[in-house]
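Survey of secondary and tertiary structure
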Amino acid sequence: MTVLDLGDDENRFSPEWLQRVHSTLDDVDDVLVTTGAGKFYSNGLDLDWLMANGDKASEYVADVQELLARVLTLPVPTVAAVNGHAFGAGAMLAMAHDFRVMRADRGYFCFPEADINIPFTPGMAALIQGKLTPSAAIASMTTGRRFGGADALEFGLVDEIAAESDVVKVASERVRVLAGKDRGTLGAIKATMFAPAVAALRAG
């Protein structure tokens, strides 16, 4: 089992952070658990870096979407142990996993795009809509609503909630029993299931 610690700060998607995550994914063998340390799972895009490197915006967004596509189709069982806030692209990263287990008592799962005036790219929208019911997609994508653990579970944003001290344990147990699936078969199944989202994410 590979447990990827996303970091102990806001875990924003800096180019260096993206590279580190990709490097870890290169070595995943049987199952993947991702989690953060502290207050955040991930706050998503590194807006400070993006503002300072506006000429690289298209390349940056493509890199982010490639990570989402890769996690979405990773040929092993995956679970996000959402230890704290998951906002924007951080919530999308969690959504790209097969399963999500969220801390019950604190932290928000949120797509704030409607409130920060950043429309979803076609790929990001396709990813979210590929995982949620239409009503849950509308409730989360068009409102900017912050879902606590219980509400996130009710709307199907996450599959399970747990106490802070048990999030990684519960998440690990969920995928440990799935270890040993044939990588070629599982990868093909995911690639077929999420073909529209993957195509949109990799279109740029």
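Look above for the structure.
As a starting point, this report considers the structure included with it. (Residues numbered from 1 in each chain as written. Predicted model: local features only at pLDDT ≥ 70, side-chain atom pairs only at ≥ 80, totals over all residues. Heavy atoms only, no water.)

1. Thoughts on a nonpolar patch on the surface
How we decide: Every patch collects residues that have over 30% relative accessible area and no salt bridge, joining them within 9 Å if they carry like charges and within 5 Å if they are nonpolar side chains (Val, Leu, Ile, Met, Phe, Trp, Tyr). For every accessible area listed, the method is Shrake-Rupley and the probe measures 1.4 Å; residues are considered covered only by the protein chains on display. What makes a salt bridge here is a side-chain nitrogen of Lys or Arg within 4 Å of a carboxyl oxygen of Asp or Glu, nothing more. Helix numbers and strand numbers start at the N terminus; a helix is a DSSP run of H or I with at least 4 residues, a strand a run of E with at least 2. Each residue's exposure class comes from its accessible area (1.4 Å probe, protein chains only) as a fraction of the maximum for that residue type: buried when under 20%, exposed when over 50%, partly exposed otherwise.
Together, Met1, Val3 and Val168 make up a nonpolar patch on the protein surface, roughly 210 Å² of accessible area in all. When you line up the elements, valine 3 lands in strand E1 (residues 2-5). The class of valine 3 is partly exposed, set by a relative accessible area of 44%.

2. Some details on unusual backbone geometry
Despite not being glycine, asparagine 11 shows a phi value in the positive range, around 55°. Checked against the element boundaries, asparagine 11 lands in the loop between E1 and helix H1 (15-26). Positive phi values are uncommon outside glycine, yet asparagine 117 reaches one of about 60°. Structurally, the position occupied by asparagine 117 is in the loop between helix H5 (113-116) and helix H6 (122-131).

3. Structural notes on the pairing of E1
Put simply, the rule reads: By the convention used here, strands pair only if DSSP detects at least 2 bridges between them. Look down the strands so they point away from you; if the path from the first strand over the helix to the second goes clockwise, the crossover is right-handed.
Residues Thr2 and Leu4 point to one face of E1 and are all buried, whereas Val3 and Asp5, pointing to the other face, are not buried. Taken together, the four bridges between E1 and strand E2 (residues 32-35) define a ladder with parallel strand orientation. Following the sheet pairing, aspartate 5 is matched in E2 by threonine 35. Since E1 and E2 lie parallel, the crossover through H1 that links them has a hand, and here it is right-handed.

4. Details of the pattern of salt bridges
In this structure the tally under the stated criterion is nine salt bridges. The closest approach of N and O atoms between glutamate 66 and arginine 202, which form a salt bridge, is 2.9 Å. A residue pair is termed long-range when its members are at least 10 positions apart, and glutamate 66 in helix H3 (residues 57-72) and arginine 202 in helix H11 (residues 195-202) qualify at 136 residues. Taking the relative accessible area as the measure of exposure, glutamate 66 reaches 28% and is therefore partly exposed. For aspartate 105, the salt bridge identified is with arginine 103, shortest N-O distance 2.6 Å.

5. Some points on H6
Where we set the bar: Residue contacts follow a heavy-atom distance rule, with two residues in contact if any of their heavy atoms lie within 4.5 Å.
Three or more residues of H6 are buried, namely Gly123, Met124, Ala125, Leu127, Ile128 and Lys131. Elements in contact with the buried residues of H6: H3, helix H4 (89-96), strand E6 (99-103), helix H7 (134-141) and H11.

6. Quick look at helix H10 (residues 183-193)
Operational definition: This arc is built from the directions going out from the helix axis to the C-beta atoms.
Turning to H10, its buried residues are Leu186, Gly187 and Lys190. Taken around the axis of H10, the buried residues stretch over an arc of 100°, which confines them to a single face. Opposite the packed face of H10, turned more than 90 degrees from it, sit the exposed residues Gly184 and Thr192. Its buried side turned inward, H10 meets H3 and strand E4 (78-82).

7. Re the nonpolar core
Definition in use: Buried Ala, Val, Leu, Ile, Met, Phe, Trp, Tyr and Cys residues form a nonpolar core when they are joined through side-chain atoms within 4.5 Å.
Residues Leu93 and Phe109 are the most contacted members of the largest nonpolar core, which totals 52 residues. Secondary structure elements with two or more residues in this core: H1, H3, E4, H4, H6, H7 and H11. What leucine 93 contacts, discounting residues up to four positions off in sequence, is Leu6, Phe13, Trp17, Tyr41, Leu67, Leu68 and Val71. If you look at the next biggest cluster of nonpolar residues, it comprises 10 residues, including Val101, Val170, Ala171 and Val175.

8. Details of the sheet that holds strand E8 (residues 146-147)
Strand pairing in a sheet is mediated by backbone hydrogen bonds. Such pairs are either parallel or antiparallel. Spatially, the four strands line up as an open sheet ordered E3-E5-E7-E8, and their pairing is mixed. The open sheet has two edge strands, strand E3 (40-42) and E8, and neither has a second partner. The pairing of E3 with strand E5 (residues 85-87) spans two bridges and is classified as parallel. Residue pairing for E5: phenylalanine 40 is matched across the bridge by histidine 85.

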